[in-house]
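The residues making up each chain are set out below.
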Amino acid sequence: MEQHCDTGALALGALGEALEADADAHLRACGRCQHELARMAATVSVARSTLGESELHRPPAHVWQNVHRQVGFGDALRSDPLGTPVSNRKPPIEAPPVASDATVAPAPVASIRDARERRGLRRFVAPLTAAAAAAALIAGVTLGWQALTPRDTGTIVASASLDALPAWQGAAGSAEIIEHTNGERVVRIALDAPPVSGAVQEVWLLTPEVDGLISLGLLGDARGEFVIPAEVDLDRYSVVDISAEPLDGDPSHSGDSIVRGALES
């Protein structure tokens, strides 16, 4: 497939810049590129006659340097085309004559500089936009799948009503044993009791004879969930107990139980 002159190179040629050797040789033999150059040269002529040479805005040199780097121009186009006064620049390349029966559509007056900057910007924005769209798609699919996946709330396999011991009249609570599909068991605690100064509330599993006990952790609020170790036999440790534990560093049960109740399936 024949490789035609780059549109940007033709635009700069219409502004009076020299083309690279390969592009110049192609232009001399290609009617299509000659026709395109003629259209661009006509646009430049109209723009200059309308605005006047003294009104053309010259951006800082770094603008062209960024455009040159992003678009990938060769060394022949390294110098800033707007870096010298317009009056000192060589005249535009003479456009080849166009056949009298050819119809040249009028081209809109546009900033070549802006067009080149937009082209360089598209090289950066296009892959970034594609990556963002892909990330959004993945996130959407993930969230959609999570929304469609039923939440494992577990199954209540046992419960207990926790009654106050004599020293804690008015206190009450409840306990539920929840089993999840992965086999994990938790005890869900709710306690209604006055706070105790200088003490914390600890959740235990006891045997009915109180000859064995397992600490599940501290209850920091009125409600909480505690994981039951897989090796714990709830047929043996079938009593839930919540105690008031003084901050004395002793990990054993204080003997001051607030509420207690037996689990029932």
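In this report, the structure presented in the accompanying data block is examined. (Residues numbered from 1 in each chain as written. Predicted model: local features only at pLDDT ≥ 70, side-chain atom pairs only at ≥ 80, totals over all residues. Heavy atoms only, no water.)

### So, the overall build of the chain
For the record, the criterion: Helix numbers and strand numbers start at the N terminus; a helix is a DSSP run of H or I with at least 4 residues, a strand a run of E with at least 2. Relative accessibility under 20% of the residue-type maximum defines a buried residue, over 50% an exposed one, and the middle range a partly exposed one, all with a 1.4 Å probe and only protein chains included. Here, two residues are considered to be in contact whenever any of their heavy atoms come within 4.5 Å of each other. All accessible-area figures derive from a Shrake-Rupley calculation using a 1.4 Å probe, and residue coverage is judged against the displayed protein chains alone.
Each helix and strand counted, the chain has 5 helices and 8 strands in total. Along the chain, helices and strands appear, N-terminal first, in the series α-α-α-α-α-β-β-β-β-β-β-β-β. Buried positions account for 32% of the 265 residues belonging to the chain. Long-range pairs, those at least 24 residues apart, make up 60% of the contacts in the chain between residues at least 6 apart in sequence. Of the accessible surface of the chain, which amounts to about 16500 Å², a share of 57% is contributed by carbon and sulfur atoms.

### Some details on the packing of aromatic side chains
To keep things clear, this is the line we draw: For Phe, Tyr and Trp, rings pair up if their centres lie within 6.5 Å, where Trp contributes its six-membered ring, and each pair is then called stacked (planes under 30 degrees apart), edge-to-face (over 60) or tilted (otherwise). Criterion for a charge above a ring: Arg CZ or Lys NZ at most 6 Å from the ring centre, at most 35 degrees from the ring normal.
Evaluated as defined, the whole model comprises 0 aromatic pairs. The ring of Y237 carries the charged tip of R236 above its face, separated from the ring centre by 5.2 Å.

### What to know about helix α2 (residues 21–29)
Which entries qualify depends on this criterion: The arc in question is formed by the directions pointing from the helix axis toward the C-beta atoms.
For α2, the set of buried residues is A23, H26 and L27. One face of α2 carries all of its buried residues, which in axial projection span an arc of 105°. Turned more than 90 degrees off the buried face of α2, the exposed positions are A21, R28 and A29.

### Here we look at the pairing of strand β4 (residues 199–206)
Heads up, the condition is: Two strands pair if DSSP finds at least two bridges between them.
Along β4, 6 of the 8 residues are buried, which leaves the element largely enclosed by surrounding structure. Sheet topology note: the β4/strand β7 (residues 239–246) ladder contains 8 bridges and is antiparallel. Of the residues in β7, the one forming a bridge with A199 is P246. Across 6 bridges, β4 lies against strand β5 (residues 213–219) in antiparallel orientation. The residue bridging L205 from the neighbouring strand is I214, located in β5. Counting the residues between successive antiparallel strands, the hairpin from β4 to β5 contains 6 residues, one of them, V210, with a positive phi of roughly 55°.

### Regarding the side chain of S238
Inspection of the secondary structure puts S238 in the loop between β6 (223–228) and β7. For S238, the contacting residues outside a window of four places in its chain are L206, P208, G261, A262 and L263.

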